[in-house]
Amino acid sequence: MSRVSRRTLFGAGIGAVGVGAGLGIAGAEAVGHDGAPAAAGSRTYPFHGDHQAGIVTPAQDRLHFAAFDVTTDSREELVALLKAWTEAAARMTQGRSAGPVGPTEGDYDLPPDDTGEAIGLPASGLTITFGFGPTLFRSEDGTDRFGLAGKQPAALAPLPHFPGDDLDPARSDGDLCVQACADDPQVAVHAIRNLARIGFGTVAVRWSQLGFGRTSSTSTSQQTPRNLFGFKDGTANVKAEERRALDAHVWVADGDDRAGDWMVGGSYLTARRVNMTVEVWDRQPLGDQEKFIGRTKAEGAPLSGGGEFHRPDFTMKGDGGPIIPTDSHVSVVHPDHNGGVRMLRRGYNFVDGTDALGGLNAGLFFLAFVRDPRTHFIPVQNSMAHNDAMMEYLKFTGSALFAVPPGTRPGEHVGQALFA
Ligand SMILES: C=CC1=C(C)c2cc3[nH]c(cc4nc(cc5[nH]c(cc1n2)c(C)c5CCC(=O)O)C(CCC(=O)O)=C4C)c(C)c3C=C
Ligand SMILES: [Fe+2]
């Protein structure tokens with residue numbers, strides 16, 4: 001297929017239908033990352049839209065998440081990077097190469113403008129979501145690095161220390177973040193690798209996290225997956241179909257923050273790397289495991305009865321107290337016990353090899369999108385840290401907060417309103 005016909009095929013945004021940012025299915029003629037024909041049935045999601053893709057998009061199976069430090073002092077270079085990232089992301093999410101020339105078609109005397117490991121692979125539902133950390137606006141000593149301090153939303157303050165936090169600074173914070181989700185890990189890694197390559201000299205990767213096995217559903221069309229404790233995770237998540245809940249709990253609204261007007265239609269992303277002591281958990285009786293979570297292991301149903309999607313009854317009596325223990329995870333974090341707030345969770349399982357004692361370095365890379373972390377995340381995390389019996393099996397080893405601006409239209413770059 002010629003480059004022109006490829007452009008026509010993808011420029012038309014084939015088959016764009018569906019939920020939120022939109023869901024399209026690429027047909028059999030699709031070309032994967034500018035190489036051989038891609039497999040039929042591969043999903044593509046539009047890059048452009050009112051909101052960034054990768055939030056309400058049905059959660060894909062794989063994640064590569066990266067946080068970057070900006071290494072330049074130049075605002076112009078930063079804006080140039082965001083333009084280049086926007087263009088590359090728009091291309092890659094449609095199954096095209098990162099740059100217009102392609103991985104094997106460029107000058108022999110120059111490095112290719114795409115690294116090549118995605119040749120022949122379809123878009124695989126790739127979404128690329130960008131965020132800005134508090135330190136982009138003000139460095140730790142208060143320096144206004146890029147003339148953005150006046151536009152820092154009050155909600156974008158570094159997260160406080162929580163009990164149970166044993167944070168590794170090398171796995172925390174960052175000036176910028178990129179969340180790449182796809183159904184093929186090579187496609188997600190290719191996206192982050194090429195964005196890092198494009199950013200060479202302007203940004204440096206601060207930390208990154210691979211994730212497998214989504215731990216949430218973000219659409220009612222999806223089955224609830226399981227986390228590494230073996231429990232269904234994502235049952236009561238905010239779903240793409242819940243438009244009113246999204247407006248109330250996920251999207252930043254007009255008037256939320258005068259300094260942060262540029263965030264309207266965006267969201268705040270909390271990232272928490274949670275190590276789970278799975279070997280100790282695995283020695284707990286089934287009944288105890290269920291009491292820690294507050295739901296059954298088989299169906300994910302509340303211990304008060306009914307099916308998976310039944311509302312938990314926290315008043316129902318059991319032996320010597322409520323049948324859903326008050327220190328169970330579901331009771332502690334439930335909206336009824338947190339002023340009604342909800343969050344859109346989009347986390348992933350991880351296993352990063354083994355630790356010095358031979359235990360799995362494993363856990364849940366918790367990602368949640370909220371309208372305001374001060375009301376929708378910090379109080380819930382605090383309550384969990386103080387009251388949740390499951391904390392005995394958890395250690396928080398990484399933490400970050402990012403402002404995720406709204407989506408872009410063709411011709412705009414990510415975060416354009418922030419730099420206007
Ligand atoms: C501060 C927010 C939360 C953190 C951190 C967190 C970590 C965490 N959660 C599980 C397992 C489950 N979580 C479930 C539900 C659930 N969790 C949070 C918040 C945090 N979880 C919320 C808001 C909810 C929904 C509560 C509700 O509305 O009922 C569940 C139950 C199934 C579900 O609804 O998703 C499980 C299981 C682990 C293992 C973990 C850290 C490693
Ligand atoms: Fe949870």
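The shown structure was predicted, so the numbers you read here are calculated from the model rather than taken from an experiment.

A. Local environment of the overall build of the chain. Scanning the chain from terminus to terminus reveals ten helices and 13 strands. Over its C-alpha trace the chain gives a radius of gyration of 22 Å, about what one expects of a compact globule, namely 22 Å for 420 residues. Referenced to the eigenvectors of the C-alpha coordinate spread, the extents of the chain come out at roughly 75 × 50 × 45 Å. Taking all 420 residues of the chain together, 47% fall into the buried category. Contacts in the chain between residues far apart in sequence, at least 24 positions, make up 72% of those at least 6 positions apart.

B. Structural detail: the environment of Val70. Summarising the element assignment, Val70 is placed in strand E3 (residues 62-70). Residue classification places Val70 among the buried residues on the basis of 22 C-beta atoms within 10 Å. Sequence spacing of Val70 and Arg295 is 225 residues, and the spatial spacing of their C-alpha atoms is 43 Å.

C. Spotlight on the UniProt feature "domain: Dyp-type peroxidase N-terminal" (unreviewed entry) in the chain. What UniProt calls "domain: Dyp-type peroxidase N-terminal" (unreviewed entry) maps, in this numbering, to residues 52-212. From the first C-alpha to the last, residues 52-212 spans 22 Å; its make-up is 20% helix and 20% strand.

D. Up close: unusual backbone geometry. For Ser124, which is not a glycine, the phi torsion comes out positive at approximately 55°. Here Ser124 is to be found in the loop between helix H2 (75-92) and strand E4 (127-132). Of the residues examined, Ser124 has 28 C-beta atoms within 10 Å and is grouped as buried. Positive phi outside glycine occurs at Asp173, with the angle close to 65°.

E. Seen up close, the pairing of strand E6 (residues 203-214). Judged from the nine bridges that link them, E3 and E6 form a sheet pairing that is antiparallel. The residue bridging Leu63 from the neighbouring strand is Gly211, located in E6. Note: E6 against strand E11 (residues 348-354), two bridges, orientation antiparallel. What sits directly across from Arg214, in E11, is Tyr348.

F. How the structure looks around the UniProt feature "domain: Dyp-type peroxidase C-terminal" (unreviewed entry) in the chain. The sites that UniProt annotates as "domain: Dyp-type peroxidase C-terminal" (unreviewed entry) are residues 224-408. With 21% helix and 24% strand, residues 224-408 has its two end C-alpha atoms placed 30 Å apart.

G. Broad picture of the confidence of the model for the chain. This prediction gives the chain a mean pLDDT of 91; 91% of its residues lie at or above 70. Interface confidence for the predicted complex, expressed as ipTM, amounts to 0.99; the pTM equals 0.92.

H. Looking closely at the site of ligand 1. By nearness alone, 28 residues border ligand 1, and Phe231, Thr235, Ala236, Val274 and Leu364 come closest of all. For the shell around ligand 1, the secondary-structure elements that each account for two or more residues are strand E7 (267-276), helix H7 (329-333), strand E12 (360-370) and helix H9 (378-387). Across the shell around ligand 1, the residue classes break down as 15 nonpolar, nine polar and four charged.

I. Structural context of the pairing of strand E13 (residues 394-404). Judged by how many residues are buried, E13 sits mostly within the fold: nine of eleven residues are covered. Bridge analysis of E7 against E13 gives ten bridges, and the strand direction is antiparallel. Note on E13: the bridge partner recorded for Tyr268 is Ala403.

J. Up close: helix H3 (residues 185-198). Between its terminal C-alpha atoms H3 stretches 20 Å, which fits the 20 Å expected from 14 residues at 1.5 Å a residue. Where H3 is concerned, the buried positions are Val187, Ala188, Val189, His190, Ala191, Ile192, Arg193, Asn194 and Leu195. In this fold, the buried residues of H3 make contact with E3, H2, E4, strand E5 (176-182) and E6.

K. Quick look at the nonpolar core. Core analysis: the biggest nonpolar cluster contains 92 residues, and Leu126, Ala180, Ala188, Ala191 and Phe369 have the highest contact counts within it. Once residues within four sequence positions are removed from consideration, Leu126 is found in contact with Met92, Thr93, Ala180, Ala182, Val187, Ala188 and Ala191.

L. Seen up close, the environment of Arg371. The residue Arg371 is located in the loop between E12 and helix H8 (373-376) in this model. Through-space distance from the C-alpha of Arg371 to that of Val330 is 21 Å; in sequence the pair is 41 residues apart.

M. Region of interest: H2. Relative to the 26 Å expected for 18 residues at 1.5 Å per residue, H2 spans 26 Å between its end C-alpha atoms, a close match to the ideal helical length. Residues of H2 that are buried: Leu78, Leu81, Leu82, Trp85, Thr86, Ala88, Ala89, Arg91 and Met92. Looking at the packing, one finds that the buried side of H2 touches E3, E4, H3 and E6.

N. Spotlight on the environment of His413. By secondary structure assignment, the location of His413 is in the loop between E13 and helix H10 (416-419). Between the C-alpha atoms of His413 and Arg197, which are 216 residues apart in sequence, the distance is 18 Å. Apart from the residues lying within four places of it in its own chain, the contact partners of His413 are Leu82, Lys83, Thr86 and Thr408.

O. Region of interest: the packing of H2 against H3. One way to put it is that H2 packs onto H3 with a least axis distance of 10 Å and a crossing angle of 155°. With respect to H3, the element H2 is oriented roughly antiparallel. As for the relative orientation of H2 and H3, their crossing is right-handed in sense. Counted together, Ala84, Trp85, Ala88 and Met92 of H2 and Ala191, Asn194, Leu195 and Ile198 of H3 form the full contact between these two elements. For the contact of H2 with H3, the per-class residue count stands at seven nonpolar, one polar and no charged.

Quick notes on the rules
- Residues numbered from 1 in each chain as written.
- Chains lettered and ligands numbered in written order.
- Predicted model: local features only at pLDDT ≥ 70, side-chain atom pairs only at ≥ 80, totals over all residues.
- Helix = DSSP H or I, 4+ residues; strand = E, 2+ residues; numbered from the N terminus.
- Rg over C-alpha atoms; globule rule 2.2 N^0.38 Å.
- Buried ≥ 20, exposed ≤ 12 C-beta atoms within 10 Å, placed from the backbone.
- Contact = placed C-beta atoms within 7 Å.
- UniProt positions renumbered as here; feature names shortened; annotations may be inferred.
- Pairing = 2+ DSSP bridges.
- pLDDT = per-residue confidence, 0-100.
- Near = placed C-beta within 6 Å.
- Nonpolar A, V, L, I, M, F, W, Y, C, P; charged D, E, K, R; others polar.
- Expected span 1.5 Å × (residues − 1).
- Core = buried A, V, L, I, M, F, W, Y, C linked by C-beta atoms within 7 Å.
- Axes fitted to C-alpha atoms, helices over the stretch in contact; angles between N-to-C directions.
- Parallel < 35°, antiparallel > 145°, perpendicular 65-115°, else oblique.
- Left-handed = near helix turned anticlockwise from the far one by under 90°.

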